[in-house]
Structure formats: C-alpha cells, structure tokens
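Next come the chains, spelled out residue by residue.
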Amino acid sequence: MIIAIDGPTASGKGTLSKRIAAHFDLPHLDTGLLYRAVGRQIILNGGDPDSPEDALAAVAFPDDLLDEPVLRNEATGSLASRASVHPAVRKALFDRQRAFAKQDGGAVLDGRDIGTVIAPDADVKLFITASVASRAQRRFKEMQERNVSISLAEIEADLARRDARDTGRKDAPLLAANDAYVIDTSELGIEEAFAAALEAIAAAQKS
Ligand code: C5P
C-alpha cells in the first residue's frame, strides 16, 4: 500500500505521517528533508538558492547531511522552498522518491507533490492542512521547545511566504490531488487528526 501525504508547512503532516507509517508498519520518507538538504548544500557550496545551476549542483549532497539538526531550522526550510522551485532540482530528486514509493510492501511518503507527481497511483492520498494562525502557533511552540529565538510574527510571515511560493510555482505546485482526502487539523489535536486519517485510509481502501 502506498500512502501519499501532502500539505503545507506545519500542518501536522510530518507527525501524522510518522504515526501512520508506524501503525501500518510501512517505511516512511519525509521528502521535505531532501529539499532541505539541497538548500543546506547550496549554502555549504557558497551558492545562491535562486540560481538553477547552483541548486542543481547541490542535489549531490552527501546522505549524512540528512541527519544534521540544522536541516530542521526555519531558515533551511526557506532555502528548501527557494531551491525546490527549480524544475531541474525536482527532476533530479524524482527517481529517489519514486523508487521509495514503489518498493515491495509499500510506503508512506509526505511532501507537497506526492499525490500529484511522485505517486499519482497511490492507494491512499491525504491532504493535511490548517490555518496559517494555527500552523504558526504550532511551529512557535516547537521552536520554543528547541530554544530557538524567533517571534510568532516572524514565523507567520515566513509560513505565508513559503505557502505563496509552494502553491504559486509552475512545476509541481502544492495542491490537493482530486482524489485526496482533505483533513483540516486547525482544531484537531494529534490523536483526533490521527483518528481522522485512519478513517480516511479505511474509506480509500473500500472505494
Ligand atoms: O516539508 P518541509 O517544510 O520540510 O519542506 C521544505 C520545503 O521543501 C517546502 O517548503 C517545499 O518548498 C519543498 N518541498 C517540495 N516538495 C516536496 C517536499 C518539500 O517542494 N515533496
């Protein structure tokens, strides 16, 4: 079973994806991490994330970069969002994601274009969303727990910028697939969101 999970930043899709993968005993790929590694590698190379050439050169990042805590920072998220606009970068990361999706036994992948581009043939597609205000609150709490000094207003502005870039880009924009189950987590705790996701998965499997 392939489960494709898409949605904007801080919608809760990462946490949900991990829970769903553990529940069904499936391997999980956080595809945002690949784009974050590209963003980070661009900086390590002294490059510019808005340059398609510099961004493409950074696709050859070493795998151990994926474990670096700096990848989780807001700044790296913004770099990833800028780097992910370039079609050549998306193309270069396609095979790795596609192979993960098609492995024997199935997989859970989360990102922005899993249900639309990477695995349009997924058995289940979920689109996890939430209001900017509730996503910013969540991200703010997360940053406070990690002792990162950043204001709520800065986080809100960054989320809005990233949403605009991710939904507005020409290649593989952030978009719910026609056959995706949309779950709005603005008013849901993790347990409620997980229950809603399990319901949607059961419904998708029946249809
Ligand atoms: O999900 P995460 O916030 O880690 O993703 C960082 C950035 O990577 C996103 O803002 C988006 O621009 C990009 N991304 C993407 N396609 C994916 C996953 C992430 O364009 N499948």
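Remember, it's a predicted structure, so these values are computed and weren't measured experimentally.

Draft legend 1. Summary view of the pairing of strand β1 (residues 2-6). Of all five residues in β1, five are buried; the element is thus mostly enclosed. In this sheet, strand β3 (residues 107-111) lies alongside β1 in parallel orientation, the contact comprising five bridges. Pairing of Ala4 across the sheet is with Leu109, part of β3. Direction of pairing for β1 relative to strand β4 (residues 124-129): parallel, over a ladder of four bridges. Paired with Ala4 across the strands is Lys125, a residue of β4.

Draft legend 2. Molecular detail of the site of the ligand. The environment of the ligand is formed by 16 residues, the closest being Arg36, Arg90, Arg112, Asp166 and Arg169. Taking Arg112, its side chain carries an N or O atom lying 2.8 Å from an oxygen atom of the ligand. A distance of 3.1 Å separates an oxygen atom of the ligand from a polar atom in the side chain of Arg162. When the ligand is considered free in solution it has 450 Å² of accessible area, and contact with the protein chains removes 96% of it. Of all the secondary-structure elements, those providing two or more residues to the shell around the ligand are α2 (31-44), α4 (74-83) and α8 (152-168). Element by element, the count of residues in the shell around the ligand is highest for α2, at four residues. Class assignment for the residues of the shell around the ligand results in two nonpolar, six polar and eight charged.

How each quantity is defined
Residues numbered from 1 in each chain as written. Predicted model: local features only at pLDDT ≥ 70, side-chain atom pairs only at ≥ 80, totals over all residues. Heavy atoms only, no water. Buried < 20%, exposed > 50% of the residue type's maximum accessible area, 1.4 Å probe, protein only. Helix = DSSP H or I, 4+ residues; strand = E, 2+ residues; numbered from the N terminus. Pairing = 2+ DSSP bridges. Near = heavy atom within 4 Å. Polar contact = N/O pair within 3.5 Å; in protein donor to acceptor, adjacent residues only side chain to side chain. Areas by Shrake-Rupley, 256 points an atom, 1.4 Å probe, with all protein chains shown as cover. Nonpolar A, V, L, I, M, F, W, Y, C, P; charged D, E, K, R; others polar.

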